[in-house]
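Chain by chain, the residues:
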Amino acid sequence: MSPVLFWAFTLLMLAFGASVVLNRNPVASALSLVGSFLCLAALFVGLDAFFIAVIQVLVYAGAVMVLFLFIIMLLDLKAEQRRRFNPVALVGGAAVSGAFVAFLLHVLKSFPAGSQAFPNLGVERLDDVRLVGFALFNHFNLPFQTVGVLVLVASIGVVVLSRRELK
Amino acid sequence: MAYTVRRPNLTFWEKLYLPNIIAGLAITLKHLRKMLAGETHVVMQYPEEKWDAHLPEYYRGAPTLVTDQHGREKCVSCQLCEFICPPRAIKIKPGHIPAENEFAKVEKAPEAFDIDMTRCIYCGLCEEVCPEQAIFLRKDYAITGESRAEMVHDKTKLYELGGTMPNLVHKWNPDK
Amino acid sequence: MALLNDIPWFLIAASVAKTLFLIFLVVLPLVSYTVYAERRVSALIQDRLGPNRTGFPISLFGFKKDLQLVLGGLGQPIADAVKFLLKEDFTPGHVNKVYFWMAPVLAMVPALSTLAVLPFGNYMFGQKMVVADVNVGILYVFAIASIGVYGIVLAGWSSNSKYPFLGGIRASSQMISYELSLGLSAVPVLMILGNLNLSDAIDYQVKNGWLLLPFTDGNLTLRELLLWVPVLISFIVFSISMFAETNRLPFDLPESETELVAGYHTEYSSMKFALFFLGEYAAMIAGSSVITVLFLGGWHIPFLPVNTLESSMTAPGAVLGLVHITAFFAKVAVLLGIFIWVRWTLPRFRFDQLMKLGWLYLFEIALVNIFITAAILALVR
Ligand code: SF4
Ligand code: SF4
């Protein structure tokens, strides 16, 4: 990926991320989050990781955020828009995020492999779907199945709980 | 009282939807084919083909004024139609018939008679109310014009559209 | 990190040329004439004639008669477009302006971007006739299709009135539900193809016969015969889900005219409305293209030679390439005809029926179908 595109998408992603936090309107925040997901997917494409990019869009932008938006619209949240400006929270938030960024920079600095580019893989088209599949089902089969069962339990639990609520 | 509609018990094939959907598709395809083959004649291509020959006697087209068999304008400008007209489409300026005229005993005839066809609703009340049988709804239905002024039928136009209609009542006939 | 830097400029130029060809020479005309076909076919099905006399108004330039008999209504899409462009673009006072303006674009763009990965032709002039030959083609299509719902939801929400809002809500729940069966019903096909790349999908079908008609390569093995069953099931489920995803009747609840006026685009007028319209039809074209690629062999015509990279540079190769592109869009056109035919035959579903169909039937059928396919693939070599 050319550096121009990289920086364009990175800056766009950060801008969208900032607007998630700064926007008072929940719908606007949700849409900004979708925008930042799309930019992130573009960055993945730049790494030739098409599968991850597409899954990013399909799962986060296409499914999770649609549900979020759905809920936000149904609830018609207005409280957030009426909330007043809170300096203490602002300072606290800035401190926490500043500390996080500093920590991240520190980790990246002390990680020498991160500063040099990876060698070219030397293949025309990386069959990343197959690679991900093999990794999941050969090396991480047990954790994968366990996660599956956990998710199933969680969703059944939600159904049972919401059913009881109705009565 | 609540009225319960009993749901029919569907067979397996009906529950599957698909056979019925295919049957429906076959019906629409049949109509499509017949239209393409020119076997169905439902639509009339209006400006080229017209229904005029089949218009019934009582068809209510544009209101017009008529003259009798002696060429006398039947309207006596009593203005009843002007008053009855629901959308107030008619505007009449009454006038006198000069004494030297053959029909001087009728005394009055309209000096101006305008029907605004952008207002007329073809209700036929004017024809109904006219004591002189002077105004009739004819079969013209395609009244068009490029300006509002053009859509106002004046006296000449109304007589041109109306033509003559022999008297049924003979009170104004000169020989009576 | 090597995509735009070290590829020669002509590859970029070729991609741009292919994109422009696809959007301006194929899809937009196809969209407008699909709308025209929709009106004509619906009329013919209902024993009417439809728009059959729009000609070019050369009488404006002093000629005696318009050119209408020659064209027989084929000028209608142009007249429609001119009407949309010239109409007053009215923005109601009660809407949420920013999103109101954003929504039509969001409805149109995803539908068009889906076309990027669809191989619409064989090699031609040494170029593969696909804009982006990525290895996750079909997933990309699903991903972009899932984004398409934002335009509708936003339109419904930002209009700030009842009917559009109901339309938006219906659209989002419907699209989320049917995305599942859409994706799952494609899985058996992908298992058979063993690949997510759409060009490879067509190559497979060139060698082994179209998936839906496995005898198009001249022979029918036992394996193909057995696989025919799941492929047929997945074709039906996929098509039904595609109808739901593109909001076509019998699943057009988001914009049902009779109950919601026009659903999510009630408040829109002029070109913004036209964008929704174009987006819907572009999505239909994209959906038909996906069905063509996955089930109907894409651009392939049985028993016709196939271009290779070398032969595509010659003159007969170019002709063959053109024939293949035409074949692809001919298949798409046939599918669009079926879309239209179904729309004017079936009544609309009720919303609970729609949800029931999606979650209780199509979803399960698609799921079971995956296991059937897996069993056949594992047992019969
Ligand atoms: S037909 Fe009715 S509306 Fe027309 S001029 Fe006569 S009274 Fe008036
Ligand atoms: S048309 Fe009949 S009703 Fe009207 S003014 Fe003349 S005579 Fe009277």
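So, here's what we can say about the structure.

Rules and cut-offs
Residues numbered from 1 in each chain as written. Chains lettered and ligands numbered in written order. Predicted model: local features only at pLDDT ≥ 70, side-chain atom pairs only at ≥ 80, totals over all residues. Heavy atoms only, no water. Core = buried A, V, L, I, M, F, W, Y, C linked by side-chain atoms within 4.5 Å. Buried < 20%, exposed > 50% of the residue type's maximum accessible area, 1.4 Å probe, protein only. Helix = DSSP H or I, 4+ residues; strand = E, 2+ residues; numbered from the N terminus. Contact = heavy atoms within 4.5 Å. Near = heavy atom within 4 Å. Nonpolar A, V, L, I, M, F, W, Y, C, P; charged D, E, K, R; others polar. Buried area = accessible area lost by both parts, 1.4 Å probe. Polar contact = N/O pair within 3.5 Å; in protein donor to acceptor, adjacent residues only side chain to side chain.

### Quick look at the nonpolar core
- Counting 120 residues, the largest nonpolar core has Phe-238, Leu-294 and Phe-295 of chain C as its most contacted members.
- With 13 residues, helix H11 (residues 270-295) of chain C is the largest single contributor of residues to this core.
- If we ignore the near neighbours within four places in the chain, the residues touching Phe-295 of chain C are Val-189, Gln-205, Trp-210, Leu-211, Leu-212, Val-231, Ser-234, Phe-235 and Phe-238 of chain C.
- If you look at the next biggest cluster of nonpolar residues, it comprises 21 residues, including Cys-75, Ala-89, Cys-126 and Cys-130 of chain B.

### A few points about the site of ligand 2
- Looking at ligand 2, the residues that line it are Cys-75, Val-76, Ser-77, Cys-78, Gln-79, Leu-80, Cys-81, Ile-92, Phe-113, Cys-130, Pro-131 and Ile-135 of chain B.
- Here the residues of the shell around ligand 2 sort into 10 nonpolar, two polar and no charged.

### Observations regarding the interface of chain C and chain B
- The partner chain B presents 16 residues to the 14 residues of chain C that form the contact.
- Taking both sides of the interface into account, the surface hidden between chain C and chain B amounts to around 1,500 Å²; carbon and sulfur atoms contribute 71%.
- Contact with chain B buries area across many residues of chain C, yet Leu-44, Asp-47 and Trp-341 of chain C alone supply 37% of it, more than any other trio.
- Our count for the contact surface shared by chain C and chain B stands at four residue pairs in polar contact (both at pLDDT 80 or more).
- Listing elements by their share of the side of chain C that touches chain B, those giving two or more residues are helix H1 (9-45) and helix H12 (315-343) of chain C.
- The element contributing the most residues to the side of chain C that touches chain B is H1 of chain C, with three residues.
- In terms of residue class, the side of chain C that touches chain B is made up of nine nonpolar, two polar and three charged.

### Some points on the environment of Pro-26 of chain A
All names here are of chain A.
- Mapped onto the elements of the fold, Pro-26 is located in helix H2 (residues 26-46).
- For Pro-26, a relative accessible area of 14% puts it in the buried group.
- For the pair Pro-26 and Ala-49, spaced 23 residues apart in sequence, the C-alpha separation works out to 31 Å.

### Overview of the site of ligand 1
- Taken together, the neighbourhood of ligand 1 is formed by Pro-63, Cys-85, Pro-86, Pro-87, Ile-90, Cys-120, Ile-121, Tyr-122, Cys-123, Gly-124 and Cys-126 of chain B.
- Looking at the shell around ligand 1 residue by residue, the class counts come to 10 nonpolar, one polar and no charged.

Keep in mind that these numbers describe shape and distance, not what the molecule does.
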